[in-house]
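These are the residues of each chain, in order.
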Amino acid sequence: MADIIRINENTWRIEDGQVRFYLLEGSERAALIDTGMDTPNAREIAESLTELPIILINTHADPDHISGNKAFEEFYMSPKEEENYREQHGTGNLIPVVEGDEIELGNRLLTIIDIPGHTPGSIAILDEKNRVLISGDTIQDGNIFMFGKYRNITEYINSLIHLKEFAGLFDEIYPMHGSFPVKPELIDKLLEGAKDIKYGRAAGTEISLFGNTVCHYKFSYASFLGETV
């Protein structure tokens, strides 16, 4: 059963095992950001927290972020993520969002930032009024999956560099895994670690995960799970 934690008067996080998602309320409507791993009732949870109309925005289409999507006829997502989404048997009408698009909730403007790498269509959502960045799986201090189809370490590095361009607009990062919240300084640490992996400077350990043999790169601030060499 999901745990509901109120962050402030108009923001909630819903903890669904090892993943979380968020509800952001404006004056006119609310946005559910992802629908978790084991919460087909994600919409019902959101409706229990707000009386406003609810839209859905997905940071990406990995299965631990879309378990409640079927309750929505439409959702906002990067079009570069649709192939991944449909492979997970995702339903509904995808409303495409790209870098710079804005979604107004009513006195609460959300801005889309493209951050491919973890998946081709991963996005971050900037809630500038509250000085918060919702980062999907790209920024976190847990295990960052960088193995298998759709992962690209070079794009991931470039996305971290790109996020640094927005550093003056947020004070906290709300990730979907790991600790909550994390600080913007984590971006630089993840960038250093990802570069060390790409250029062979990091030592990893082979482990078995979900039937895959992957390389576990453990740093003091986070871990990466990447392809074996």
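Undergrad: Explain the overall build of the protein chain to me, and be specific about the residues and the numbers.
TA: Of the regular secondary structure elements, the protein chain holds 4 helices and 16 strands. On C-alpha atoms alone, the protein chain measures out to a radius of gyration of 17 Å, which is about the 17 Å that the 2.2 N^0.38 rule sets for 229 residues. Buried residues in the protein chain amount to 53% of all 229 residues. Computed over 20 positive and 38 negative side-chain charges, the separation of the two mean positions in the protein chain equals 4 Å.

Undergrad: Mind laying out the environment of Glu83, listing which residues take part and the relevant values?
TA: Tracing the sequence through the fold places Glu83 in helix α2 (residues 82-87). Taking C-alpha positions, Glu83 is 9.9 Å from Tyr150, a pair spaced 67 residues apart along the chain. With residues near it in sequence (within four places) discarded, Glu83 still touches Lys149 and Tyr150.

Undergrad: I'd like to hear about the packing of helix α3 (residues 153-163) against helix α4 (residues 185-198), residue by residue, with values.
TA: A pair of packed helices is characterised by two quantities: the angle between their axes and the separation of those axes. In contact at an axis separation of 10 Å, α3 and α4 are set at 155° when each is read in the N-to-C sense. One way to sum up the angle between α3 and α4 is to call them roughly antiparallel. As α3 runs across α4, the sense of the crossing is left-handed. Where α3 abuts α4, its residues Ile153, Thr154, Tyr156, Ile157, Leu160, Ile161 and Leu163 lie against Ile187, Leu190, Leu191, Ala194, Lys195 and Lys198. Looking at the contact of α3 with α4 residue by residue, the class counts come to 10 nonpolar, 1 polar and 2 charged.

Undergrad: So what about the environment of Gly26? Which residues, and what values?
TA: Relative to the helices and strands, Gly26 resides in the loop between β3 (19-25) and β4 (30-33). Taking the C-alpha atoms as reference points, Gly26 and Thr11, separated by 15 residues in sequence, lie 9.2 Å from one another. Every residue in contact with Gly26, bar those within four places of it in the chain, is listed here: Leu52, Leu105, Gly106 and Arg108.

Undergrad: Tell me about the nonpolar core, residues and numbers included.
TA: Ile113, Leu133, Ile139, Tyr156, Leu163, Leu190 and Phe224 are the most contacted members of the largest nonpolar core, which has 29 residues in total. Among the elements that take part in this core, α4 stands out by supplying 6 residues, more than any other. In this structure, Tyr156 is in contact with Pro116, Gly117, His118, Thr138, Ile144, Met146, Leu190, Ala194 and Phe224, ignoring residues within four places of it in sequence.

Undergrad: So, the sheet that holds strand β12 (residues 143-146): which residues are in play, and what are the values?
TA: Pairing is mixed in the open sheet, where 4 strands are placed in the order β12-β16-β15-β14. The outermost strands of the open sheet, each flanked by one partner alone, are β12 and β14 (205-209). Pairs of neighbouring strands in the sheet enclose a mean axial angle of 35°, with direction left out of account. The pairing of β14 with strand β15 (residues 212-218) spans 5 bridges and is classified as antiparallel. Bridge pairing links Ser208 to Thr213 in β15.

Criteria and thresholds
Residues numbered from 1 in each chain as written. Predicted model: local features only at pLDDT ≥ 70, side-chain atom pairs only at ≥ 80, totals over all residues. Heavy atoms only, no water. Helix = DSSP H or I, 4+ residues; strand = E, 2+ residues; numbered from the N terminus. Rg over C-alpha atoms; globule rule 2.2 N^0.38 Å. Buried < 20%, exposed > 50% of the residue type's maximum accessible area, 1.4 Å probe, protein only. Lys, Arg positive; Asp, Glu negative; His and termini not counted. Charge placed at Lys NZ, Arg CZ, Asp CG, Glu CD. Contact = heavy atoms within 4.5 Å. Axes fitted to C-alpha atoms, helices over the stretch in contact; angles between N-to-C directions. Parallel < 35°, antiparallel > 145°, perpendicular 65-115°, else oblique. Left-handed = near helix turned anticlockwise from the far one by under 90°. Nonpolar A, V, L, I, M, F, W, Y, C, P; charged D, E, K, R; others polar. Core = buried A, V, L, I, M, F, W, Y, C linked by side-chain atoms within 4.5 Å. Pairing = 2+ DSSP bridges.

The analysis is restricted to geometry; functional conclusions fall outside its scope.
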